[in-house]
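# What the coordinates show
The primary structure of each chain is shown beneath.
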Amino acid sequence: MVVLGAMLLSLPVFHAEPALKDWLLDADPYPARILRTESGFALTNGLVTRQFARGTTTSIYNHASGEELLRAVGPEAVFVLDGKEVTVGGLEGQPDRAYLDVKWIPSLKPSPGSLEFKGATVEEASLVLHYQGESLSADVAYTSYAGIPLLTKQVVLRNDRSKPVRIDRFEVERLSLVESDSVVDPSPEWRKPNLTVLTDYSFGGMAVTNANRTVYWEPEPEYTTQVNYELKTPCRLSVRPPVGPGFELKPGESFSTFKVFELYHDSTDRERQGLAVRRMYRTVAPWVADNPIMLHLTSTDPKVVHEAIDQAADCGFEMVVISFWSGLDMEDVSPENLAKFKGFVDYAHSKGLRLGGYSLLASRHIDAENDVVNPKPAFGASPCLGSEWGRSYFEKVRTFLSETGFDLLEHDGSYPGDTCASTSHPGHRGLEDSQWTQYQTIADFYRWCRSRGIYLNVPDNYFLVGSNKTGMGYRETNWSLPREQQHIHARQNLYDGTWEKTPSMGWMMVPLVEYQGGGPEATIEPLREHLDDYGMHLANNFGYGAQACYRGPRLYDSPETRTVVKKWVGWF
């Protein structure tokens, strides 16, 4: 770790050079480094460089495309504390916000009332900027990754006052970027700057775009030289929670924001951008590549479970998921129930398999006292994770997972971002802090699962806090269509579901038994009578590198069926 004053002389000098090789094919030439500049320092990997002067971002340069993205300076972060806006760093007085001339930087003034830049520390590819105010201090941490045009950012605020301070709102990022669209007239749609911005505060959708609740592209009316007559070009990036956090920061304590991931693209091609997003997930969340072949078991009868484990091991399957409507209840932590499922785990382990099961969290009604006080919950009804029931639920599920040794949790109806106006729930004070506290509850739980090696199937976008897989993207009732139509839809679903997900990040479905209706024409059972369709499902999924929930009580019912299953598993 190096303090800024001693760092500048020892760091090599930054030079803006073009990227010479395609990083998707050869990442070796692009190590992450921190370099000095004439006026400060640069966080770079030769693909994207973020430069700082006087504790303020003064350049974001895309080496592969040759683009400068930043056009105006601004604060490094923004907090609203007890109703008053406080900026972290930042400079004011830029003559024209259409572009930034480096000659202007020495004459710019610190933003009034802001936390002032005091120095920086460096550790490997991480740069931490330090800011200090009269009774508050903040650290802004940036990280660069080798071989990918990706930067991350997180802010820590410390309360040095003698009394608590309420964090009403915060912005981790407020960037004035070069507009990708210059339209004079009002426009219903705008082309945005060429980057993907994600955060680990993500929920309420399986797709990247649907679950991304924290990224806002907004007008910048102080940019008075833009061509849009109404000054409404959405050219300022704001990254903030949609609600709250309404967090009470006590004296001497610190508050950490969520982490922001900024991926800078070198092309507008959809496939190339998708390849970049997929590389990002494999880089920052490598657990998404864990891709076990899984049987979705529909029974908890010991005889059925043991036979299913035997068949799964025989065919080369790697995981058994005791599914919904099977009789599994993880909220039952009685000694008898724990012993029953621990026995299943022990037997699966003896066969070299992982075993886990299903639990429903949200999308159900508990009672008026424990449900979210919200007129429009995402799933129609949902318990509040900060209620007495919510606290008890997580305690019970942790106990169940710990005592049974389950290797997997399929967590349905994960927290979708519902707010709650209750003032009597022990886990939050009211509406403003209800989303932040509920999210922390679910994220901490998933991190706990990740730390124990528990595989997470979650029908939501929680990859950046530990989940392994979400739905590939399909309509459940389509599995009640005739078998031939299922294959057609499945092929399309696999194609559409992997623009921004690797095949290992999405699960498919194979209804060995009836699912969502449809009768005999929609199911594979009796398996030996539909070997062509069974084989087609296996070929579709394995050929795409994706796994499906093979849902039923068994994998084969005859030597011929066993041969088909083993053939495709062996091929994969």
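Computed from a predicted model, the values in this text were never measured in an experiment.

Before going further, it helps to examine the pairing of strand S13 (residues 126-132). Sheet topology note: the strand S12 (residues 116-123)/S13 ladder contains 7 bridges and is antiparallel. Bridge pairing in S13 links Thr-121 to Val-128. Hairpin connection between S12 and S13: a loop of 2 residues separates the two successive antiparallel strands, and Glu-124 in this loop has a positive phi of roughly 55 degrees. One ladder, built from 7 bridges, connects S13 with strand S14 (residues 136-144); its direction is antiparallel. Each residue of the ladder has a partner; that of Val-128, found in S14, is Ala-141. As consecutive antiparallel partners, S13 and S14 are separated by 3 residues.

This part is about helix H9 (residues 531-544). Taking 1.5 Å per residue as the helical rise, H9 with its 14 residues ought to reach 20 Å, and the 20 Å between its terminal C-alpha atoms agrees with that figure. Along its buried surface, H9 packs onto helix H8 (483-496), strand S30 (506-511), strand S31 (547-552) and helix H10 (559-571). Positive backbone phi, approximately 80 degrees, marks Gly-545, located one or two places after H9.

Consecutive residues of a regular strand have side chains that alternate between opposite faces of the sheet. Of all the 5 residues making up strand S8 (residues 77-81), 5 are buried; the element is thus mostly covered by neighbouring parts of the structure. Burial along S8 is two-sided: Ala-77, Phe-79 and Leu-81 facing one way and Val-78 and Val-80 facing the other are all buried. Relative to strand S9 (residues 84-88), S8 is paired through 5 bridges, and the arrangement is antiparallel. By the bridge assignment, Phe-79 is partnered in S9 with Val-86.

The next point concerns the packing of aromatic side chains. Applying the stated criterion across every chain, the model contains 37 aromatic pairs. Arranged with centres 5.0 Å apart and planes meeting at 45 degrees, the rings of Phe-247 and Phe-255 form a pair that is tilted. Judged by relative accessible area, which is 2%, Phe-255 ranks as buried. When the ring of Phe-542 is compared with that of Phe-572, the centres are 4.9 Å apart and the planes differ by 25 degrees; the resulting orientation is stacked. Of this pair, Phe-542 sits in helix H9 while Phe-572 sits in the segment after H10, placing them 30 residues apart in sequence. In this structure Phe-542 comes out as buried when scored by relative accessible area, which is 2%.

This brings us to the pattern of salt bridges. Taken as a whole and judged by the stated rule, the model has 33 salt bridges. Between Lys-118 and Glu-116 there is a salt bridge; the shortest N-O distance is 4.0 Å. Arg-447 is the partner of Asp-444 in a salt bridge, and the nearest nitrogen-oxygen pair spans 3.2 Å. Linking Asp-444 with Arg-447, this pair stays in helix H7 (residues 434-451), spanning 3 residues, or about one helical turn. Relative accessible area serves as the criterion here: at 37%, Arg-447 is assigned to the partly exposed category. One connected set of salt bridges, linked through shared partners, spans Arg-50, Lys-153, Glu-173 and Glu-262.

Turning our attention to unusual backbone geometry. Here the amide bond leading from Gly-244 into Pro-245 is cis, since omega sits at 25 degrees, within 30 degrees of zero. Residue position: Pro-245 is located in the loop between strand S20 (234-239) and strand S21 (247-249). Here Glu-525 and Pro-526 are connected by a cis peptide whose omega angle stands at -5 degrees. Looking at the secondary structure, you find Pro-526 in the loop between S30 and H9. Notably, Arg-54 is not glycine yet its phi reads approximately 55 degrees, a positive angle. Counting through the fold element by element, Arg-54 comes out in the loop between strand S4 (48-53) and strand S5 (56-62). When its relative accessible area of 34% is taken as the criterion, Arg-54 is described as partly exposed. Even without being glycine, Leu-231 reaches a positive phi, approximately 60 degrees. Summarising the element assignment, Leu-231 is placed in the loop between strand S19 (215-219) and S20.

A cluster of nonpolar side chains, namely Val-184, Val-227 and Tyr-229, defines an oily patch on the protein surface of about 340 Å² accessible area. Structurally, Val-184 can be placed in the loop between strand S17 (173-177) and strand S18 (195-199).

Attention now goes to the sheet that holds S20. Taken in spatial order, the 4 strands of this open sheet run S7-S17-S20-S19, and their pairing is antiparallel. The outermost strands of the open sheet, each flanked by one partner alone, are strand S7 (70-72) and S19. Looking at each pair of strands side by side, their axes are set apart by 45 degrees on average, direction ignored. Relative to S17, S7 runs antiparallel, the two sharing 2 bridges. Bridging across to S17, Ala-72 finds its partner in Ser-176.

Let us now look at the packing of H8 against H9. A packed helix pair is summarised by two numbers, namely the angle formed by the two axes and the spacing between the axes. In contact at an axis separation of 10 Å, H8 and H9 are set at 0 degrees when each is read in the N-to-C sense. Classed by the angle they form, the pair H8 and H9 counts as roughly parallel. Counted together, Arg-483, Gln-486, His-487, Arg-491, Leu-494 and Tyr-495 of H8 and Asp-533, Met-536, His-537, Asn-540, Asn-541 and Tyr-544 of H9 form the full contact between these two elements. Here the residues of the contact of H8 with H9 sort into 4 nonpolar, 5 polar and 3 charged.

Moving on, we get to the packing of helix H4 (residues 302-315) against helix H5 (residues 335-350). Running from N to C, H4 and H5 cross one another at 20 degrees; their axes reach a closest spacing of 10 Å. Classified by the interaxial angle, the pair formed by H4 and H5 is roughly parallel. When the axes of H4 and H5 are compared, the crossing they make is right-handed. For the pair formed by H4 and H5, the contact residues are Pro-302, Val-305, His-306, Ile-309 and Asp-310 on the first element and Phe-344, Tyr-347 and Ala-348 on the second. Taken together, the residues that form the contact of H4 with H5 break down as 6 nonpolar, 1 polar and 1 charged.

Residues at a pLDDT of 70 or more form 98% of the protein chain, whose mean pLDDT is 95. pLDDT under 50 marks residues 1-9. Its contacts with residues more than four places away, or in other chains, come to 18 contacts.

Here we take up the environment of Met-319. Along the chain, Met-319 turns up in strand S25 (residues 319-322). We classify Met-319 as buried; its relative accessible area is 0%. In the structure, Met-319 is positioned 69 residues away from Lys-250 in sequence and 46 Å away in space, judged by C-alpha atoms. Contact partners of Met-319, with chain neighbours within four places excluded, come to Pro-292, Ile-293, Met-294, Leu-295, Leu-353, Arg-354, Leu-408 and Tyr-455.

What counts, and at which threshold
Residues numbered from 1 in each chain as written. Predicted model: local features only at pLDDT ≥ 70, side-chain atom pairs only at ≥ 80, totals over all residues. Heavy atoms only, no water. Pairing = 2+ DSSP bridges. Helix = DSSP H or I, 4+ residues; strand = E, 2+ residues; numbered from the N terminus. Expected span 1.5 Å × (residues − 1). Contact = heavy atoms within 4.5 Å. Buried < 20%, exposed > 50% of the residue type's maximum accessible area, 1.4 Å probe, protein only. Phe/Tyr/Trp six-rings, centres within 6.5 Å; stacked < 30°, edge-to-face > 60°. Salt bridge = Lys/Arg side-chain N within 4 Å of Asp/Glu carboxyl O. Patch = residues over 30% accessible without salt bridge, like charges linked within 9 Å, V, L, I, M, F, W, Y side chains within 5 Å. Areas by Shrake-Rupley, 256 points an atom, 1.4 Å probe, with all protein chains shown as cover. Axes fitted to C-alpha atoms, helices over the stretch in contact; angles between N-to-C directions. Parallel < 35°, antiparallel > 145°, perpendicular 65-115°, else oblique. Nonpolar A, V, L, I, M, F, W, Y, C, P; charged D, E, K, R; others polar. Left-handed = near helix turned anticlockwise from the far one by under 90°. pLDDT = per-residue confidence, 0-100.

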